[in-house]
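Reading the structure
Spelled out from the first residue to the last, the chains are:
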Amino acid sequence: MKLTDEAVWIDKDALQAIAMDSHKKHAVFMFTLLLALALLTRFPFFFHDVINWDESTFILVGQSIVDGHLPYVTLYELKPPLLFGFFAVVIWVGGKSILAIRLAGMMCVWLVACFTYNIGSRLFNTRVGIVAGTLYVVASAVIAGGSGQATMSETVALVPLIASLVVLLRPPSSALSLFIAGILIAVAALVRSNLVFVAFAVGLWVLMTHRQRPRAVIAGNVLAYCIGGGLVVLLALLPYARANEGKVFWEAVFIAPIIYSSSQLGLLSTIARQATNAFGTFSGHSFPNTENLLGLGVWAAGIVGLFIVFRNWRNDTGADRHSQWLILTYTLAVGLSIVLGGAAYSHYLIQLLPFVCVYAAVLYSRVGDYPVRKRFSLPLAASVLALALLPVARQYSLIISRLRSGETLSYGTSYDIAKILRPACVNGCSLYLLTNQLAYWFLNATPPTRLAVHPADVVMNYSIKAADGPAATPESEMRKILQTMPDYIVKPDVVWYLGDSRARDILEATVKSRYRIWATTDDQTIYRRIEPRAD
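Figured I'd write up the structure that's included with this text. (Residues numbered from 1 in each chain as written. Predicted model: local features only at pLDDT ≥ 70, side-chain atom pairs only at ≥ 80, totals over all residues. Heavy atoms only, no water.)

Take the side chain of R402 next. Summarising the element assignment, R402 is placed in helix α16 (residues 390–404). Taking the relative accessible area as the measure of exposure, R402 reaches 13% and is therefore buried. Apart from residues no more than four positions distant in its own chain, R402 is found in contact with E407, T408, L409, S410 and Y411. (Helix = DSSP H or I, 4+ residues; strand = E, 2+ residues; numbered from the N terminus. Buried < 20%, exposed > 50% of the residue type's maximum accessible area, 1.4 Å probe, protein only. Contact = heavy atoms within 4.5 Å.)

If you check helix α10 (residues 246–262), its first and last C-alpha atoms are 24 Å apart, about what 17 residues at 1.5 Å a residue would give, namely 24 Å. Along its length, α10 reaches its greatest deviation from straightness, about 40°, at I255, and the proline P257 lies no more than four positions downstream. For α10, every residue scored as buried is listed here: V248, F249, A252, V253, A256 and Y260. Check the buried side of α10 and you find it contacts α3 (81–94), α9 (215–242) and α19 (461–468). (Expected span 1.5 Å × (residues − 1). Bend = angle between axes of the 7 residues up to and from the residue.)

Here we take up the state of the cysteines. Going through the model one piece at a time under the given rule, you end up with 1 disulfide. The disulfide partner of C425 is C429, and the S-S distance across this bridge is 1.8 Å. Judged by the sign of its S-S torsion, about 85°, the bond between C425 and C429 is right-handed. (Disulfide = S-S within 2.5 Å.)

What follows deals with unusual backbone geometry. Positive phi, close to 60°, is recorded for N244, a residue that is not glycine. For N244, the position within the fold is in the loop between α9 and α10. Among the residues examined, N244 registers a relative accessible area of 71% and is labelled exposed. At N444, a position not held by glycine, the phi torsion is positive, near 55°. Looking at where N444 falls in the secondary structure, it is placed in the loop between α18 (438–442) and α19.

Here we come to the packing of helix α5 (residues 126–142) against helix α14 (residues 353–367). Close contact between α5 and α14 brings their axes to 8 Å; oriented N to C, the two are set at 130°. In terms of their interaxial angle, α5 and α14 are classed as oblique. Here the hand of the crossing between α5 and α14 comes out right-handed. Residues R127, V128, V131, A132, L135, Y136, A139 and S140 of α5 touch α14, and the partners they reach there are L353, P354, C357, V358, A360, A361, V362, Y364 and S365. Tallied by class, the residues present in the contact of α5 with α14 amount to 14 nonpolar, 2 polar and 1 charged. (Axes fitted to C-alpha atoms, helices over the stretch in contact; angles between N-to-C directions. Parallel < 35°, antiparallel > 145°, perpendicular 65-115°, else oblique. Left-handed = near helix turned anticlockwise from the far one by under 90°. Nonpolar A, V, L, I, M, F, W, Y, C, P; charged D, E, K, R; others polar.)

Here we take up the nonpolar core. In globular proteins that are soluble, nonpolar side chains generally tend to be buried together. Grouped together as the largest cluster of nonpolar side chains are 157 residues, with contacts concentrated most on Y330 and Y432. Sort the elements by how many residues they give to this core and helix α4 (residues 98–123) lands first, with 14 residues. Apart from the residues within four sequence positions on either side, Y330 is in contact with L161, S164, L165, L168, I185, V198, V202 and F355. (Core = buried A, V, L, I, M, F, W, Y, C linked by side-chain atoms within 4.5 Å.)

The next subject is the packing of aromatic side chains. The geometry of an aromatic ring pair is captured by the separation of the ring centres together with the interplanar angle, meaning the angle of the planes. Scanning the model with the defined rule gives 22 aromatic pairs in all. Considering the side-chain rings of W53 and Y497, the 5.9 Å spacing of their centres and the 55° angle between planes classify their relative orientation as tilted. Here Y497 lies in the loop between β2 (488–492) and α21 (502–514) and W53 lies in helix α2 (residues 53–66), a separation of 444 residues in the sequence. Y497 matches W53 in its accessibility class, with the two residues each being buried. (Phe/Tyr/Trp six-rings, centres within 6.5 Å; stacked < 30°, edge-to-face > 60°.)

Here we come to the pattern of salt bridges. Between side chains of opposite charge, a pair can form as their charged atoms come close. Taken as a whole, this structure holds 12 salt bridges when the rule is applied. A salt bridge links R102 to E55; the shortest N-O distance between them is 2.7 Å. With R102 in helix α4 and E55 in helix α2, the pair connects residues that are 47 residues apart, well separated along the chain. E55 matches R102 in its accessibility class, with the two residues each being buried. A salt bridge links R450 to D468; the nearest nitrogen and oxygen atoms lie 3.6 Å apart. Pair noted here: R450 is in the loop between α18 and α19 and D468 is in helix α19, with a separation of 18 residues, a long-range link. Connected via shared salt-bridge partners are R450, D468, E477 and K480. (Salt bridge = Lys/Arg side-chain N within 4 Å of Asp/Glu carboxyl O.)

Ordered by their spatial adjacency, 4 strands build an open sheet running β1-β2-β4-β3, and the pairing between neighbours is mixed. Each having just a single partner strand, β1 (431–433) and β3 (515–521) make up the two edges of the open sheet. For this sheet, the mean angle separating the axes of adjacent strands, direction not counted, is 20°. Bridge analysis of β3 against strand β4 (residues 524–529) gives 6 bridges, and the strand direction is antiparallel. Within the sheet, the bridge partner assigned to Y515 lies in β4 and is R529. Those strands touched by helix α17 (residues 413–421) are β1, β2, β3 and β4, and its axis lies near 125° from that of β3. (Pairing = 2+ DSSP bridges.)

A few words now on a nonpolar patch on the surface. Side chains of V196, F197, F200, L267, L268, I271, L336 and L340 sit close together on the surface and give an oily, nonpolar patch of about 750 Å² of accessible area. Sorting the residues of the nonpolar patch by element identifies α8 (196–209), α11 (267–279) and α13 (318–340) as the ones contributing at least two each. By the element assignment, L267 lies in helix α11. L267 gets classed as partly exposed once you look at its relative accessible area, which sits at 43%. (Patch = residues over 30% accessible without salt bridge, like charges linked within 9 Å, V, L, I, M, F, W, Y side chains within 5 Å. Areas by Shrake-Rupley, 256 points an atom, 1.4 Å probe, with all protein chains shown as cover.)

On any regular strand, side chains alternate: one points to one face of the sheet, the next to the other face. Bridge count for β2 against β4 is 5 bridges, and the pairing is antiparallel. Note on β4: the bridge partner recorded for I489 is Y527. If you look at the hairpin formed by β3 and β4, you'll find 2 residues sitting between the two strands, and D522 has a positive phi there, around 55°.

Negative charge collects at one region of the surface, where D416, D493, D522 and D523 lie side by side. If you trace the backbone, D416 turns up in helix α17. In this structure D416 comes out as partly exposed when scored by relative accessible area, which is 34%. (Lys, Arg positive; Asp, Glu negative; His and termini not counted. Charge placed at Lys NZ, Arg CZ, Asp CG, Glu CD.)

Each α-helix winds once per 3.6 residues, and so residues spaced three or four apart point in a common direction. Inspection of α17 places T413, S414, I417, A418 and L421 among the buried residues, and these make up the whole buried set. End-on view of α17: buried residues confined to an arc of 135°, all on one side of the axis. On its buried face, α17 sits against β1, α18, β2, β3 and β4. (Arc of directions from axis to C-beta.)

Interpretation note: all reported values are geometric properties and have no functional meaning in isolation.
Written out as structure tokens, the structure reads:
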């Protein structure tokens, strides 16, 4: 029996529809699975007050926005404004709830995992996508000694950044897709300022991959990309312009990051320090630990996977080659932005995770092709995964223990400080917290100066000079704080970031002469102001 051409086309259309429907169902299933995994690996950390004190600072500035103030005007922190806008939205929706903040962070992780799955599936195959998305969720739960569990600026910035990569990978490349990508990359850069490197790198990629097109098309595409990014910057500037604070925006968004990066480590020192962070090779730490497993299972595997992909590029042509160059452009630009930033905090590496996880998944996909996979690979992978997630298991044990003993799930020193001070501060009080600044939030209090929102910034020369000018010093900032005569000062016995500085001497002398011990909790001492002692 012969089929007509029309019947053949009908069958092809039907097969394509079935395949498309199957693909959508599989994607929905994977997205649901990744959401469940993100919740499982992050839920027990929803209740601890402080995982990383940067998160506490972002919360305070976000609350300031909710209260009607612009970032940098009343509270000053060296981060771009859209980061604080994100926290303001979460607080406006969820109220003063650490659970809401961590839930928002979990949703960011989930979205990036879904994007990572999409990228791996699109560039390679579905198995690579599944492994890449899963790896990202697991790695983000344990990276940086657990700091990845906090809602960090890196966690938030990855959502628009990886979304822009997904947009650019969808063929065909057009002025509209570049306009959208420009918007998303600019949003990411206004959450993490170092990601401006990606904006320039993608611009170069556009020029290189479109060079054979007519000049008018190239100009239109580049213009669309630039307009998208510029539009975001202008919208972020608008509230400052209306409040006649345009200079504050310029200095905080453009000048301060330059001051910050120029005051940090050199290039080679930063690379060495971040390599140590990635592979967990800290002196005095036992082997293997979570950082070692993360280093070998993600970072080392990602490097090997990158070489595998690079070796196979010679077989790619046209759009496939451009796509491979695009993800490599993102990877190199993000990595370069981290090391050129000068600081070597381990949580900065979160920005590289989605890309490294894709390349690591390529390696694991190749390993999975060998016949030994059923007998050895799955048990080995399960054992390594269980060992890597030990910090999560320990946190579950802590939460279960608190439930059994009848304690509240919410815990931490910030809660304890707020509980002690709440009766005295019911009608308002002034505080100076040298750590655990989240207690300001719980007590509806504000830091004594705009720099004190992050306790360590009061002795960081780059922050002080960016906020108050080149003549400002840690000593002048400490005097400014103490001249507000806070009712209570809360500090540990040793304030590590003050070191042997003159600012520490000023603080200690003031506490000794004008304050007395009022209460203690954990390692914190609460001092209450009294009249100055007679000489």
